[in-house]
Each structure stands twice: as C-alpha cells, then as structure tokens.
Amino acid sequence: MAAKRAGNSKFLKEYNESVVLDLIRTNKAISKAELSSITGLSATAMGVITASLIGKGYIHEMGTGESKGGRRPIMLELKPDSFYSAGIDMDTDYIKAVLMDITGKVVNNKCIDMLVPPSFDLVIKKAEKLVVKMLEEQSLDFSKLLGIGFSVPGMVDSLTHKIVLAPNLEWENADIRQSLTILGDIPSYVENESMSSAICENWIGLCSNVGNFVCINIKSGIGAGIFTGGKLYRGTGGTAGEVGHISVDENGPKCGCGNYGCLETVASSRSIVERARRLIKQGVVSSLNRFDDVEEIDLDAVIDASRSGDEAARNILNEAARYIGIAVTNLVNTLNPSKIVLGKEFVKYADLVIDIIKGVVECKALKDPAERVEVVASEIGESASALGAAIIPLKVLFKYTL
Ligand SMILES: [Zn+2]
C-alpha cells in the first residue's frame, strides 16, 4: 500500500495503526526496526503502536529474523486464527460461503445448489445459517467475526450497501443489513459479483501488487471489475465493467439488453452450450452426439469433448475465445492495464484457449499497450466472488477505500 504514509500526531494514532497493520500484512513478517524505517516513525512510537495491535489480538511475535549486525530482531506477523471474515456469493443457481481468517487463509467453505432463482428472503436465511454453521464447525463465537461480505450479480449501492437491481435474481432495492436476523449485529457489506472477484485478485490473487487491471468473470454472463490506481473503478452510477455488453459482432445474436452481438451472446458459458446444442441438432459430426437429449449437453461436456480431440467442440471454444480476444483488445486500448485476468468458469478451459485470446490481442491491439499487458487466467476460479466478498471486512479493518 505505497500510497499510505504515516503521520506523527497523536490524532493519527488509529490511522498509523492501520498503516502499520497493513505493512505487517503485506510483508508477511517484519521487525519493529523495519517498520520504523519504512514509516519514519520513531522506535518509541512504533513500540506503542505494535503493543496496541498485539493487545487487540491482530498481530503477534513469531520468533526472530535475520540479524543485520546486532541482536536478531523479533518479527511480527498477523495472528492467524485471531479474527475472521465471511463471504457469501449469491447467484441464480447456488449460494457459496467462505470463512477466512485475518491473513486471508480460507478455513471453511460451503455451497448449496439452488434449482430455481431463489427469493431474496430465502437466500438471506440460508446465508445466515451457512455462516453460523461455519463458525460452529471452527468453534468460534460471533465476537471473532469482523464482518460479512455479500457478492451479488447485479448493481449495488456501495455507500448504502443495498442491492439496487439484480435482474437475473429479480431482486430490486433489497436491503441486506435490514434483513439479517441472526447476524444483524455483525457489520455487513454488499458488492457486485465481478467487482468482488477483482477485489479477490487484488488481495490474494494474481494482481496483489497491480494497480491497473481488469478482472473478467466469464460464466453464464460476463462482467468485469476494473482497478485503476489501486482502487475499484465504479463509474458514475456504479455500473462500470459491463464488458459482457461490448458489441463484438453487430450481426450477432440479440442480447437481453436489446443490442446485437454483445460479447455475452457469443462467449459466455451459456452461449457456448447453446451453440453446441444447436450444432448437434443440425447434425454436426461430434462425440457430443452420444447425448440422447441435447439439453443434457453442458459446459463440462463441451470441454471434455474438446480435450478428447473433438473438432466441433474445439471450434466452439475457439470461436468464443476469439470474441473474448476482441473485447480484451478494446479494454487494452481503452484502459492500458498491466494485467487482464480471465476467471470464473473460464478457468475450466483456459489452457485450451488462452493462446488464442493472446494471439488476437497481439494482432489487433495497439502496439504499446499490447506490449505492456499480461493476459492471464485466474488461479482462483469459481470461488473468486465469495472470497472477494469475505475480503471486504478485512479491507475495512485495514482502512482501505471500498
Ligand atoms: Zn447486451
């Protein structure tokens, strides 16, 4: 967190503590002398701050480090298993829950499949039960829980933490904080799903030291979380990142938004599956013909067929990848990011198509931004939004802007 600088006034005590706490987090293990040297605070002041953080239970002494001439220094680190944060990823067909400790280590996780898009009240009730169950299984009481983050596929108000609109769930103006009953006293936050994934990549994923990046979620829909200068870019109304509606083929299929050939209509998991079903119905030669009912063909079946050398399946994935490449090219030219991370269901077949996407970017993007960007598949995958949601209460603790 290079942008933060410590001050020396007593009024800045809390701020200084958060700076020191974050330095301990990002350095993993660090001595008081090193903390003094980085922040410019005196050894005495640093002693007071670290004693306070130890007293609050956030950090502890974890042995001695390498000597630089004198005594071996005592190293400080975040105290694992001291405090926890929960993340809930609410979607049309599942609820994922994770519990992580202050260091970002996941200690428990749960997932429930939902057969039909669930009501808001039902999801909140189930989410609360999942959090309570995870705490029970870890033998933790509520006082150890810093907060709960909720990830939702829709538009959120980052100030009020209300869901403005989640179209696929048919939720509108939903207030999570008002709806929690068992966990009503625990601080809670809500974030857009793609922005949650970007938060995850920035905290524990491939973009931990990257200020300008785009994290693209590819699943039944496509969306992105954009970081500029180390912060989430939300746009004027909070809807930035709707890259699924970048038009990549004006003669393409009609999209739910009313436009034609949006990225989502040709490169989402749903469009890949629909295309496979349509081709099989048309009699294309493929191992996918083994399905008696084409409706049983899912993304995994297309990926498996492609891995087994099925040409039709491979062509479907390759075509989707070329369209992703076009959208990524637009992002590279517009935003000049240093990284573009492709995640969620995409990670299941990333190895099959990532070179195609890179090839399109290399070929079509402007030379200078293309040379500076790294296009990669996420190493986290489908849990990214739940993890990102769990990271939000940690960001609050470490005094980051949400
Ligand atoms: Zn659209």
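Just so it is clear, the structure is predicted and the values come from calculations on it, not from any experiment.

Student: Please give an account of the overall build of the chain that cites residues and values.
Tutor: Each helix and strand counted, the chain has 13 helices and 16 strands in total. For the chain, whose C-alpha radius of gyration is 23 Å, the value lies close to the compact-globule estimate of 21 Å for 402 residues. Counting only C-alpha atoms, the chain reaches 75 × 50 × 40 Å along its principal axes. Within the chain, the proportion of its 402 residues that are buried is 43%. Taking the contacts inside the chain whose residues are at least 6 apart along the sequence as the reference set, 62% of them involve residues at least 24 apart.

Student: Please give an account of the pairing of strand β7 (residues 145-152) that cites residues and values.
Tutor: Among the 8 residues that make up β7, 7 are buried, leaving the element largely enclosed by the rest of the structure. Pairing of strand β4 (residues 84-90) with β7 involves 6 bridges; the strand directions are parallel. Of the residues in β7, the one forming a bridge with Asp-89 is Ser-151.

Student: An account of the sheet that holds β7 is needed here, citing residue identities and associated values.
Tutor: Ordered in space as β6-β5-β4-β7-β11, the 5 strands form an open sheet in which the pairing is mixed. Two strands close off the open sheet at either side, each with one partner strand: β6 (106-113) and β11 (188-192). Taken pair by pair, the neighbouring strands of this sheet meet at an average axis angle of 15°, ignoring direction. As paired strands, β7 and β11 are joined by 5 bridges and run parallel to one another. Bridge pairing links Ile-148 to Ser-188 in β11. Contacts from helix α4 (residues 120-137) reach β4, β5 (94-101), β6 and β7 within the one sheet, and its direction differs from that of β5 by about 35°.

Student: Explain the domain arrangement of the chain residue by residue, including any values.
Tutor: According to the domain assignment, the chain consists of domain 1 (10-78), domain 2 (84-201 + 385-397) and domain 3 (207-379). Taken together, the 11 residues of domain 2 in the interface contact 17 residues of domain 3. With 6 residues, helix α6 (residues 193-203) is the single largest residue contributor to the side of domain 2 that touches domain 3. Broken down by class, the residue content of the side of domain 2 that touches domain 3 amounts to 5 nonpolar, 3 polar and 3 charged.

Student: Pulling in residues and values, what's your account of helix α10 (residues 311-335)?
Tutor: In this model α10 runs 35 Å from its N-terminal to its C-terminal C-alpha over 25 residues, within 8% of the 36 Å that 1.5 Å per residue would give. Asn-336 sits one or two positions beyond α10 and adopts a positive phi of about 50°.

Student: Which residues make up the sheet that holds strand β10 (residues 171-175), and what values go with them?
Tutor: The sheet built from 3 strands is open, its strands ordered β8-β9-β10 with antiparallel pairing. In the strand order of this sheet, the two ends are held by β8 (155-157) and β10, each with one partner. Across the sheet, the mean angle separating the axes of adjacent strands is 15° when strand polarity is ignored.

Student: Requested: an account of the environment of Met-46, with residues and values cited.
Tutor: Within the secondary structure, Met-46 sits in helix α3 (residues 43-56). Overall, Met-46 belongs to the buried group, with 22 C-beta atoms counted inside 10 Å. Those residues in contact with Met-46 that lie beyond four places of it in its chain are Lys-32, Leu-35, Ser-36 and Leu-41.

Student: Quick one: what's the story with the nonpolar core, residue by residue and with numbers?
Tutor: Membership of the largest hydrophobic core comes to 115 residues, with the highest contact counts inside it found for Ala-86, Ile-88, Ala-97, Leu-263, Val-302, Ala-327 and Ile-340. Tallying contributions element by element places α10 first for this core, with 12 residues. The residues contacting Val-302, other than those within four sequence positions of it, are Ile-272, Val-273, Ala-276, Ile-297, Ala-313, Ile-316 and Leu-317.

Reading guide: rules and limits
- Note on numbering: residues in each chain are counted from 1, in written sequence order.
- Since the coordinates come from a predicted model, pLDDT governs what is reported: local features require at least 70, and pairs of side-chain atoms require 80 or more to be given and counted, while whole-chain, interface and lining totals use all residues.
- Here a strand is any run of E in DSSP of at least two residues, a helix any run of H or I of at least four, and the numbering for each starts at the N terminus.
- We compute the radius of gyration from the C-alpha atoms alone; for a globule the expected value is 2.2 Å times N to the 0.38, where N is the number of residues.
- Exposed residues have 12 or fewer other C-beta atoms within 10 Å of their own C-beta, buried residues have 20 or more, and partly exposed residues fall in between, where C-beta atoms are placed from the backbone.
- In this description, a residue-residue contact is defined by the distance between C-beta atoms placed from the backbone, which must lie within 7 Å.
- Being paired, for any two strands, means DSSP has found at least two bridges between them.
- Only C-alpha atoms enter the line fits that serve as axes; for helices the fit covers just the stretch in contact. Angles between N-to-C directions range over 0 to 180 degrees.
- Those domain boundaries reflect an automatic or database domain assignment.
- Classes in brief: Ala, Val, Leu, Ile, Met, Phe, Trp, Tyr, Cys and Pro nonpolar; Asp, Glu, Lys and Arg charged; the others, Gly included, polar.
- By this rule, a helix spans an expected 1.5 Å times one less than how many residues it contains.
- We call a set of buried Ala, Val, Leu, Ile, Met, Phe, Trp, Tyr and Cys residues a nonpolar core when their C-beta atoms link them within 7 Å.

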